[in-house]
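Commentary on secondary and tertiary structure
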Amino acid sequence: MCYAIPGRVVSIKGQIAVVDYFGEQRTVLNDNDDIQPGDYVYAQGGILINKIAEKDAREILGFWKEKFFELKKIDAQYSKLHTSGEGELLRILQRVNVKQKLNNEEFIYLLNLQTKEEQSLLFETANVVRQKEHDNACCVHGIIEFSNYCRCDCFYCGLRKSTSQKRYRMTPEEIISAATYAVNELGFKALVLQSGEDEWYDEEKLVTLVKEIRKLNVLIFLSIGERSKALYKKLYETGARAVLLRFETSNKEIFQNLRPGTNLEQRLDLIRYAKELGYIVATGFLIGLPGETEEDILNNIMLTKSLGADMYSFGPLIPAAGTPLEKEPLGEKSAVLKTIAVTRLLDRKAKILVTTALETLGDNAKKEGLLAGANSLMINVTPPTYRDLYIIYPKHGKEVKKAIQETIDLLYSLGRAPTDLGL
Ligand code: 5AD
Ligand code: SF4
């Protein structure tokens, strides 16, 4: 199985390499010394991961050649407007079509759309923009949830320290072995290592993890919460290249109420620092927190953009048992889809993730997210012994090979191909 297509390096200037995929070119960051134009490489998340032998690359590309152009045709069919509109909505979306910048009032208007037809037209328009900017590329990352211990007490989260759920920690050996399986057996080229904020994993353990997993030629995403700047720096130097850290909400008051003992500015400062260090940064927010308005959602999108996010990660609040928010209403799928679409219009080149939380809102949610402007996915590759214990919110876990097959079938049915999205 394969979640990345190899490309051929066409040029290198300093740290920037241009990689060609069947005539489509993407810019990526390269910090490997031994790469030359003409080499075949894998890239993920805009980062050149490793070189592969020409013979192996040609074999894989032989399989992809026909498939790639076939997929592009399918994607082109989906990337058209099928719904008609009128009035203010049509006026706004016509402005999008000629690449005019919308103002806040117009974005709020879109986030407030109520009827199915109006929302469909918004999603279709966003999908057209996605196709224009990124073609049919879609990245698929694996995620290993390695510990559900957390020192924080966020009001929305099932892992908060006050809940009584059963806790686990995977040993570094177990994590490395799960990563090896995900890369060598399942074919992932990017892995998210996620946990609660768990200081049991000190610098020494995390450095070992990054060092060993980096040897597998995979993009390492850290999702370990608010740890020290020194630790993030050390892990960058060791070979981690991406960080997933949401700011959760741009509304200071809501942040303060729901995340006792922490503060928004400090969190933003850490996200900015990760970006400065050179990490690929995925960040974002929750949708549907109590007291939140459409203005907050728009501010969240704009804050994500202003942080220079390389990837947007946001999803609905799913009330979790045993938390202060357990009686809150379940996040609305349409609100998430509208947020995906508006993000696509506001930041045309964005990489937007369909999150697992959105997937829990219905069998079709993943597909709907991809058709509303999203272009990245994650698949849970946590070993079966632990996966049911990582309960940030209630979710139905699927056996990994089944999940992978379903995802691939979905991507192919929509005409999406696993080329890198570039920088
Ligand atoms: N529903 C949806 N997402 C949640 N998260 C935490 N609790 C919930 C919930 N109840 C998200 C937070 C966090 C990420 C790891 O999980 O945004 O950053
Ligand atoms: Fe811990 Fe993150 Fe959950 Fe907060 S959201 S309790 S930091 S795992």
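Everything here concerns the structure above.
Residues numbered from 1 in each chain as written. Chains lettered and ligands numbered in written order. Predicted model: local features only at pLDDT ≥ 70, side-chain atom pairs only at ≥ 80, totals over all residues. Heavy atoms only, no water.

This part is about the packing of aromatic side chains. Tallied over the entire structure, the rule returns twelve aromatic pairs. Centroid distance F22 to F68: 4.8 Å. Interplanar angle 35 degrees. Geometry classified as tilted. Here F22, found in the loop between β2 (16-21) and β3 (24-29), pairs with F68, found in helix α1 (residues 54-78); they are 46 residues apart in sequence, far enough to count as distant. Three or more aromatic residues joined by ring pairs make a cluster, and in this case those are F22, F68 and F69. Over the ring of Y273 we find K229; its NZ or CZ atom is 5.1 Å from the centre of that ring. Taking NZ or CZ as reference, R241 lies 3.9 Å from the ring centre of Y236, over its face. (Phe/Tyr/Trp six-rings, centres within 6.5 Å; stacked < 30°, edge-to-face > 60°. Helix = DSSP H or I, 4+ residues; strand = E, 2+ residues; numbered from the N terminus. Lys NZ or Arg CZ within 6 Å of the ring centre and 35° of its normal.)

To continue, consider the environment of A365. Looking at the element boundaries, A365 is found in helix α13 (residues 365-370). Put simply, A365 and T355 are ten residues apart on the chain and 9.8 Å apart in space, counted from C-alpha to C-alpha. Ignoring anything within four residues of it in the chain, the contact list for A365 reads K333, L358 and E359. (Contact = heavy atoms within 4.5 Å.)

The next thing to look at is the side chain of R387. Its place among the elements puts R387 in helix α14 (residues 384-387). An unpaired buried charge is present at R387: no salt bridge exists, and D388, the closest side chain of opposite charge, is 5.8 Å distant. A polar atom in the side chain of R387 sits 3.1 Å from the backbone oxygen of T382. Dropping the residues within four chain positions of it, R387 is found in contact with E145, N380, V381, T382, K395, K398 and V400. (Buried < 20%, exposed > 50% of the residue type's maximum accessible area, 1.4 Å probe, protein only. Lys, Arg positive; Asp, Glu negative; His and termini not counted. Salt bridge = Lys/Arg side-chain N within 4 Å of Asp/Glu carboxyl O. Polar contact = N/O pair within 3.5 Å; in protein donor to acceptor, adjacent residues only side chain to side chain.)

Along any regular strand the residues' side chains alternate between the sheet's two faces. Most of strand β15 (residues 376-380) sits out of view: five of its five residues are buried. Here β15 shows a buried face lined by S376, M378 and N380 and a second buried face lined by L377 and I379. One ladder, built from five bridges, connects strand β6 (residues 139-147) with β15; its direction is parallel. Within β15, the residue paired with H141 across the bridge is M378. (Pairing = 2+ DSSP bridges.)

Next up on the list: the site of ligand 1. What surrounds ligand 1 is the set Y156, C157, R246, E248, L286, P316, L317, I318, I392 and Y393. Backbone polar atom of I318 to a nitrogen atom of ligand 1: 2.8 Å apart, as the coordinates give it. Look at ligand 1: alone it shows 410 Å² of surface, and the protein chains cover 86% of it. Classifying every residue of the shell around ligand 1 gives eight nonpolar, no polar and two charged. (Near = heavy atom within 4 Å. Areas by Shrake-Rupley, 256 points an atom, 1.4 Å probe, with all protein chains shown as cover. Nonpolar A, V, L, I, M, F, W, Y, C, P; charged D, E, K, R; others polar.)

A word on empty space enclosed by the protein. This structure, assessed with the given rule, holds two cavities of 30 Å³ or more. Roughly 40 Å³ of internal volume is contained in the second largest cavity. Considering the residues around the second largest cavity, the lining is formed by G45, H141, F221, I280, D310, M311 and K351. Of the residues that constitute the lining of the second largest cavity, the class distribution is three nonpolar, two polar and two charged. (1 Å grid on protein atoms, 1.4 Å probe; cavity = no way out; pocket = protein on both sides within 12 Å on 5 of 7 lines; lining within 4 Å. Points joined across faces, edges and corners; volume = space filled by probe spheres on them.)

A few words now on helix α4 (residues 116-134). Relative to the 27 Å expected for 19 residues at 1.5 Å per residue, α4 spans 26 Å between its end C-alpha atoms, a close match to the ideal helical length. Two residues or fewer past α4, D135 is found with a positive phi of approximately 55 degrees. (Expected span 1.5 Å × (residues − 1).)

Bringing the pairing of strand β8 (residues 219-223) into the picture now. Most of β8 sits inside the fold, with five of its five residues counted as buried. Here β8 shows two buried faces, one formed by L219, F221 and S223 and the other by I220 and L222. In this structure, strand β7 (residues 190-195) lies alongside β8, joined through five bridges in parallel fashion. Each bridged residue has a counterpart across the sheet, and for L191 the counterpart in β8 is I220. Following the chain from β7 across helix α6 (residues 203-214) to the adjacent parallel β8, one finds a crossover that is right-handed. (Right-handed = clockwise from strand over helix to strand, strands pointing away.)

Take it as geometry only, folks, not as evidence of what the structure does.
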